[in-house]
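Below, each chain spelled out in residue letters.
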Amino acid sequence: TNTNEAEAIDFLGRYDREAGQMCNKFMEASWNYNTNVTDFNKRVMLQQQMIWSDFHRTKWNEATNFAWKNFTTPTVRRMFSFLTVLGKAALPRDKLKELTGLLQEMKTTYSVAKICRYDARLRRLPSGDYDYDAEFEADDDNQIGCIPTLPLEPHLTQMMANSRDPDELRYLWRAWREAAGKPIRQKYLRFVELSNEAARLNGFSDAGEYWRSDYEIDGFREEVEELWQKLSPLYQQLHAYVRAKLVEKYGEEVVPRRGPIPAHLLGNMWAQTWTNVLDITIPYPGRTSVDVTNALRIQGYSPLAMFRLAEEFFTSLGLEPMPQTFWQRSMIQKPTDREVVCHASAWDFCNGRDYRIKQCTEVTMEHLVTTHHEMGHIQYDLLYRNQPFIFRDGANPGFHEAVGDVLALSASTPRHLQSVGLLGNVDDSYETDINFLFAMALDKIAFLPFGYLMDQWRWEVFSGDTTSSNLNNRWWELRLGVQGVSPPVPRTEEDFDPGAKFHVPANVPYVRYFVSFVVQFQFHAELCKAAGHEGPLHRCDIYRSVKAGRLLRNVLSLGKSRPWTEALSVLTSGRTNKLDVEPILEYFGPLRTWLESQNRGELIGWRENEAIVLQVT
Ligand SMILES: O=C(CCC(O)(O)[C@H](Cc1ccccc1)NC(=O)c1ccccc1)N[C@@H](Cc1c[nH]c2ccccc12)C(=O)O
Ligand SMILES: [Zn+2]
């Protein structure tokens, strides 16, 4: 092996240049497929994937020839530690082809899945009423006259958000899982086998361990478990209050007062965020509510205007504007003439100039938050663009997910929404505070158990603790035990409900969002301090604070050049280098007190036996 560090540094220089060019070509092919899902574009993308993997393998062979562990320069050692993990390219070519093929097929199934209109599925009884049970049977004999026309975005997303008809919601919930989850069950199982084989070829025990290695700390799994244990009491308080309001709305036959909440009633296809039931659950109706969807529409906001509004928040902090090409090449609305992958994503084309967002934007408050989220990814890309190619990544995946959300925490405050003209008179009353904190909790607290359980389930599938005999069963055990939600119709091992959530067919890890929802409040607390904010954390708005912007820039421009624990030290001026739930608990402190007083007499938590437990086929 080669112990010459000077030669190693020369090799790294060559790699840096070549990798940027290879990555750019791959991203172009991937963009073309994602913004125009055709067989041709899929083939070109798979071809580019093989070229990229060949390149990666060649460089891996060169890198492993160096005795890099004894090199004296820390950043050189760190670069080699990343370069000597080959990833899925470690698979024999035919298996690599199969793996990437399965991934594309599952992603395509999800992205083009459509369901029939609700009323087209229903027979009318002689009395003229709907025969609700028919729609359940109708599925079996594939009732004629049903043409699947409704895609997830924007149709099903909006119907799940706005419908208040439990039967219609139940139909939409089940039909989506029939169309998107069930068809990929077998493909996913084969995909898991190949992913594990690749992980073992890289020296990991399974794909889950390979995923967790991105966090560079031993005991990450236990760390996440510990964070959840500290946060679940607050979640249970929110769950109890929302359930009581849903019982009021739909009655106890639909919502068990002391049991789990049926998953179709929470305004979201996966019950992962509950902001769309704010109108049913808001603590003080009639007082200021921060859902500015109507204002956005009345004021004629376009998706482009929403993007400009988000960009202006970043530049107000002294951070980077979006590059010129961003506005020319991004896809910010769903095209009408072709199939696209609608799930939002932010793209770095590896040449320091070309950055894009792909998003099927609708004019809603939720999409305004998502726009900040996606633009946060681009901002991070821009801030670390002068790092070597290998270090152009988030300090950990949760950091990348947190950037945009941190700014959205300020942009969502009533005071800020008023200052940009999206909210009328805002009073400083206690009720307005509680209404605001409650709306934020429907997004941030409601999400935590889902962000936690998604990869609990996948880590167990990768490790073999969960197998094809209990694949869907285990999913609902976690959904019931951790999140306190139940399926509105019986589930069996014929179904594959996790497959109906983008990140499973797209093989995107998910615990990053759980980490983000914790760490973004650590960022918020520190940036508010830098901005000189005084008063409760939930009222802080860092808008136009160049000091806060400078601190954020110092942390994010490090990229992955230092372990994320060091980046946290920079953020907190050495106060901590660990994930910490104190800031999120401080932020929601007033709401927790309020919930505990409102929930007196309610059962906190849910009795497992109330759920429609799995029917054993
Ligand atoms: O999936 C997303 C947003 C999409 C993404 O920006 O995270 C995107 C996902 C993705 C990853 C890889 C391929 C395709 C899509 N991630 C990125 O675009 C991205 C960009 C740069 C670095 C890392 C990730 N959010 C999650 C979690 C979530 C729910 N509600 C939210 C509100 C705010 C922020 C996140 C969420 C979800 O919708 O379930
Ligand atoms: Zn993201």
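What counts as what
- Residues numbered from 1 in each chain as written.
- Chains lettered and ligands numbered in written order.
- Predicted model: local features only at pLDDT ≥ 70, side-chain atom pairs only at ≥ 80, totals over all residues.
- Heavy atoms only, no water.
- Disulfide = S-S within 2.5 Å.
- Helix = DSSP H or I, 4+ residues; strand = E, 2+ residues; numbered from the N terminus.
- Buried < 20%, exposed > 50% of the residue type's maximum accessible area, 1.4 Å probe, protein only.
- Salt bridge = Lys/Arg side-chain N within 4 Å of Asp/Glu carboxyl O.
- Donors = N, O, S within 2.8 Å, 3.2 Å for Na, K, Ca; no water.
- Core = buried A, V, L, I, M, F, W, Y, C linked by side-chain atoms within 4.5 Å.
- Contact = heavy atoms within 4.5 Å.
- Pairing = 2+ DSSP bridges.
- Near = heavy atom within 4 Å.
- Polar contact = N/O pair within 3.5 Å; in protein donor to acceptor, adjacent residues only side chain to side chain.
- Areas by Shrake-Rupley, 256 points an atom, 1.4 Å probe, with all protein chains shown as cover.
- Nonpolar A, V, L, I, M, F, W, Y, C, P; charged D, E, K, R; others polar.
- Phe/Tyr/Trp six-rings, centres within 6.5 Å; stacked < 30°, edge-to-face > 60°.
- Lys NZ or Arg CZ within 6 Å of the ring centre and 35° of its normal.

Re the state of the cysteines
Point 1. Across all of its chains, the model carries three disulfides by this definition.
Point 2. Bridging Cys342 to Cys360, the disulfide has an S-S length of 1.9 Å. Taking the sign of the S-S torsion, about -95 degrees here, the bridge from Cys342 to Cys360 comes out left-handed. With Cys342 in the loop between helix H14 (324-329) and strand S6 (345-348) and Cys360 in the loop between strand S7 (355-358) and helix H15 (365-383), this pair connects stretches of sequence that are 18 residues apart. Cys360 matches Cys342 in its accessibility class, with the two residues each being buried.
Point 3. There is a disulfide in this structure between Cys528 and Cys540, and the S-S distance comes to 2.0 Å.

Description of the pattern of salt bridges
Point 1. Evaluated as defined, the whole model comprises 43 salt bridges.
Point 2. Linking Arg190 and Glu193 is a salt bridge whose minimum nitrogen-to-oxygen distance equals 2.6 Å. Placement of both Arg190 and Glu193 in helix H8 (residues 185-201) is noted, with a separation of three residues, approximately one turn of the helix.
Point 3. A relative accessible area of 46% places Glu193 in the partly exposed class.
Point 4. Salt bridges here are not isolated pairs; linked through shared partners, they connect Asp10, Arg14, Glu18, Lys59 and Glu62.

Side note on the coordination of the zinc ion (ligand 2)
Any two of four tetrahedral donors ideally make an angle of 109.5 degrees at the metal, while pairs among six octahedral donors ideally make 90 or 180 degrees.
Point 1. In the first shell of the zinc ion (ligand 2), the protein supplies His373 (NE2), His377 (NE2) and Glu401 (OE), at 1.9 to 2.1 Å from the metal.
Point 2. Expressed as a motif, the donor residue spacing for the zinc ion (ligand 2) is H-x3-H-x23-E. Here the residue His377 occupies a position in helix H15, and Glu401 occupies one in helix H16 (residues 397-411), the gap between them amounting to 24 residues. The pair formed by His377 and Glu401 is uniform in burial state, with each residue classed as buried.

Things to note about the nonpolar core
Point 1. In this structure, Phe80, Trp176, Leu238, Trp274 and Phe588 are the most contacted members of the largest nonpolar core, which totals 204 residues.
Point 2. Among all residues touching Phe80, those that are not within four sequence positions of it are Ala8, Phe11, Leu12, Ala63, Phe66, Trp68 and Phe71.

A few points about the pairing of S6
Point 1. Across four bridges, S6 lies against S7 in antiparallel orientation. In the sheet register, Ala346 faces S7, and the bridge partner there is Ile357.

Remarks on the site of ligand 1
Point 1. Close to ligand 1 lie 18 residues, the nearest being His343, Glu374, Lys501, Tyr510 and Tyr513.
Point 2. In the environment of ligand 1, an oxygen atom lies 2.7 Å from a nitrogen or oxygen atom belonging to the side chain of His343.
Point 3. Protein chains bury 81% of the 780 Å² of accessible surface belonging to ligand 1 in isolation.
Point 4. At the level of secondary structure, the elements contributing two or more residues to the shell around ligand 1 comprise S6, H15 and H16.
Point 5. Along the lines of polarity and charge, the residues of the shell around ligand 1 split into seven nonpolar, seven polar and four charged.

Considering the packing of aromatic side chains
Point 1. Scanning all chains against the criterion turns up 48 aromatic pairs.
Point 2. Between Phe82 and Phe391, the aromatic rings sit 6.2 Å apart at their centres with planes inclined by 90 degrees, giving edge-to-face as the arrangement. Residue Phe82 is located in helix H3 (residues 74-83), and its partner Phe391 is located in the loop between H15 and H16; the two are separated by 309 residues in the primary sequence.
Point 3. For Phe82, a relative accessible area of 23% gives the class partly exposed.
Point 4. The class for Phe391 is buried, based on a relative accessible area of 2%.
Point 5. What links up through ring pairs into an aromatic cluster is the set Tyr188, Phe191, Phe447, Phe450, Trp457, Trp475, Phe496, Tyr510, Tyr513 and Phe517.
Point 6. Of note, Arg212 hangs over the ring of Trp459, and the distance from its end group to the ring centre comes to 4.9 Å.
Point 7. If you follow Arg356 out to its NZ or CZ, it ends over the ring of Trp31, 5.1 Å from the centre.

Any functional reading would require information beyond the geometric quantities listed.
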